[in-house]
Amino acid sequence: MCPFPATRPLTVPSAPSLFLPQADIRNSAEMELANVMRIEEAERDTVRQFFTMLGDGGWSHSGASDGTDIFKLPGERIHRIMGVTRTTATPEEVLTFFSEPKNFDKHFKILDEMFKDGAVVKIGGQGLELAASGSRQRMHKLGNFAALSIGGKDRSGPTDLSDVADGAIGLLDKARRSPVGIKLKSFFRSKMRGAKEHGAASTIASLPSAQDAAIGAALAAGSASFREGQFKDLPGHALLHGTFRLPAIVPDRDFIWDQVTLRLPTGSVLIAGKSVDDAEVSDVPSPKGHVRGAVLTSGYYITPRWSQDGEMEGSQIAFVVQADPKGVLPAWVVNLVAPKQAHNVTRLRKFLDCN
């Protein structure tokens, strides 16, 4: 029985597994690594780390249930767990599920039975670090998380012209004394005024090549300074906070992590998350009675499935999770219950196939 109003044909779960996608995933990981230089430079380390891990030969198939294959990668104190399933939804439809800030809390409750509540702390690349004073300081339009497109060349972001201008100005504010920063800030402000006068919307993609070069230099200057554990205030990123329930005798946990959404050059989609430890975290204290854990590895890798006739017939979704709950919880207890988290992808499949 479908728990959601069904609007598409349902996939029939295999029981037990009728496919072992381990080799397919390893081959896909190698293909993504071969294309990593086509990804925007600021995201290459994230992509490289994720697919190096995904292509590790140490993954072992540990079982299957409810249409999902479960794999384990031991070797560290906290094991990595992976769930793999198939859905009739396309990669773009899966991406949409993760790209709506207003639905973050609702959708995460669908994914994770342990999730209590959460919030979007910040959407990357929308001018949240403006030095200028005024009503727009520390504010932004709540649009979709900006997804980084194929090869990192096209960014989808805020459509409101003021947000576009503020996003560019905010990024350049860190280098406001440079000639490029001063010229580009002036350019965007004049572009905004001109668009309002003529009723036309301007986008970065429509700028002449000279301005494209200036913007590229500014983005490169901004992205090159990120260190490990720092939130990347760039399009495609969102800073998220969530609280999770544990058994009654154990304090609940909360996590804060940087989620990046990428459209890969191969036509696949990657949603990857990792905890941050920079100044952004100090603005989000742990709720009373919670222990702050760390997301070490987490992500959804969505690849299109094609029929023999070349028609897209859905997606394969691989979900990887490795989280350290911290505190006094022994690692063996964490590893014992971690495989249950693999079924986040099962719940995702059921929701997608019913909508």
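Above this text sits the structure in question.
Residues numbered from 1 in each chain as written. Predicted model: local features only at pLDDT ≥ 70, side-chain atom pairs only at ≥ 80, totals over all residues. Heavy atoms only, no water.

Student: For this particular structure, what's the right way to read the overall build of the protein chain?
Tutor: When its secondary structure is counted, the protein chain shows 10 helices and 10 strands. Looking at the protein chain as a whole, 50% of its 355 residues are labelled buried. Here the analysis covers contacts within the protein chain between residues at least 6 apart in sequence; of these, 67% occur between residues at least 24 apart. Within the structure as shown, the protein chain displays about 17,200 Å² of accessible surface, and the carbon and sulfur contribution to it stands at 57%. (Helix = DSSP H or I, 4+ residues; strand = E, 2+ residues; numbered from the N terminus. Buried < 20%, exposed > 50% of the residue type's maximum accessible area, 1.4 Å probe, protein only. Contact = heavy atoms within 4.5 Å. Areas by Shrake-Rupley, 256 points an atom, 1.4 Å probe, with all protein chains shown as cover.)

Student: Where do I start with helix H1 (residues 22-34) in this structure?
Tutor: Residue pairs spaced three or four apart in an α-helix point in one direction, given the helix's 3.6 residues per turn. Taking 1.5 Å as the rise per residue, H1 with 13 residues should run 18 Å; its terminal C-alpha atoms sit 19 Å apart, in good agreement. Taken as a whole, H1 has its buried residues at Ile-25, Ser-28, Ala-29 and Glu-32. For H1, the angular spread of buried residues about the axis comes to 105°, placing them on one side. (Expected span 1.5 Å × (residues − 1). Arc of directions from axis to C-beta.)

Student: Teacher, can you tell me more about the pattern of salt bridges here?
Tutor: Close approach of charged atoms lets side chains of opposite charge pair. Counted under the stated rule, the structure contains 12 salt bridges. Notably, a salt bridge pairs Asp-252 with Lys-116, separated by 2.9 Å at the nearest N-O pair. On the criterion of sequence distance, the pair formed by Asp-252 in strand E6 (residues 252-263) and Lys-116 in strand E4 (residues 115-123) is long-range, its members being 136 residues apart. Residue classification places Asp-252 among the buried positions, given a relative accessible area of 17%. For Lys-116, a relative accessible area of 23% translates into the label partly exposed. (Salt bridge = Lys/Arg side-chain N within 4 Å of Asp/Glu carboxyl O.)

Student: Looking at this model, I keep getting lost on the packing of aromatic side chains. Mind explaining?
Tutor: Describing an aromatic ring pair means giving the distance of the ring centres and the angle of the ring planes. Considering all chains together, one arrives at 14 aromatic pairs under this definition. On the basis of an interplanar angle of 75° and a centroid distance of 5.1 Å, the ring pair of Phe-97 and Phe-98 is categorised as edge-to-face. Across the pair, Phe-98 and Phe-97 agree in class, each one buried. Members of the aromatic cluster, connected to one another through ring pairs, are Phe-104, Phe-108, Phe-115, Phe-244, Phe-255 and Trp-257. (Phe/Tyr/Trp six-rings, centres within 6.5 Å; stacked < 30°, edge-to-face > 60°.)

Student: Would you mind showing me how to read the environment of Thr-46 here?
Tutor: With respect to the helices and strands, the residue Thr-46 is situated in helix H2 (residues 44-54). Judged by relative accessible area, Thr-46 falls into the partly exposed class, the value being 23%. C-alpha separation for the pair Thr-46 and Gly-273, spaced 227 residues apart in sequence, amounts to 9.3 Å. Discounting chain neighbours no more than four positions away, the residues touching Thr-46 are Lys-232, Val-260 and Ala-272.

Student: Looking at this structure, how should I read helix H4 (residues 104-111)?
Tutor: Within H4, the full set of buried residues consists of Phe-104, His-107, Phe-108, Ile-110 and Leu-111. The buried residues of H4 occupy one face: seen down the axis, they fall within an arc of 150°.

Student: Hey, could you run me through the packing of H1 against H2 in this one?
Tutor: Axes are the key here: two packed helices are described by the angle between their axes and the distance separating the axes. Contact pair H1 / H2: the axes reach a minimum separation of 8 Å and the direction vectors enclose 155°. Judged by the angle between their axes, H1 and H2 are roughly antiparallel. As H1 packs across H2, the resulting crossing turns out to be left-handed. Along the contact surface, H1 presents Ile-25, Ala-29, Glu-32 and Leu-33, while H2 presents Arg-48, Phe-51, Thr-52 and Leu-54. (Axes fitted to C-alpha atoms, helices over the stretch in contact; angles between N-to-C directions. Parallel < 35°, antiparallel > 145°, perpendicular 65-115°, else oblique. Left-handed = near helix turned anticlockwise from the far one by under 90°.)

Student: Which parts of the structure should I look at to understand the nonpolar core?
Tutor: Nonpolar side chains tend to gather and get buried jointly when the protein is soluble and globular. Formed by 31 residues in total, the largest nonpolar core has its most connected members in Val-94, Phe-98, Tyr-300, Ile-317, Leu-348 and Leu-352. Aside from chain neighbours lying at most four places away, what touches Ile-317 is Gly-83, Val-84, Thr-85, Thr-87, Val-94, Tyr-300, Tyr-301, Ile-302, Val-345, Leu-348 and Leu-352. Core analysis: the next-biggest nonpolar cluster, separate from the first, contains 22 residues, Val-47, Phe-51, Val-260 and Ala-272 among them. (Core = buried A, V, L, I, M, F, W, Y, C linked by side-chain atoms within 4.5 Å.)

Student: Is there a simple way to explain unusual backbone geometry in this structure?
Tutor: For residues other than glycine, phi is negative in most cases, and the peptide bonds are mostly trans. A positive phi angle is found at Asp-66, which is not glycine, with a value near 55°. Among the structural elements, Asp-66 can be located in the loop between strand E1 (60-65) and strand E2 (68-73). On the basis of relative accessibility, which here comes to 34%, the residue Asp-66 falls in the partly exposed class.

Student: Which parts of the structure should I look at to understand the packing of H4 against helix H10 (residues 344-353)?
Tutor: At their nearest, the axes of H4 and H10 sit 7 Å apart, and the two run at 115° to each other. One way to sum up the angle between H4 and H10 is to call them roughly perpendicular. Residue-level contacts link His-107, Ile-110 and Leu-111 of H4 to Asn-344, Arg-347, Leu-348 and Phe-351 of H10. Of the residues assigned to the contact of H4 with H10, the class counts are 4 nonpolar, 2 polar and 1 charged. (Nonpolar A, V, L, I, M, F, W, Y, C, P; charged D, E, K, R; others polar.)

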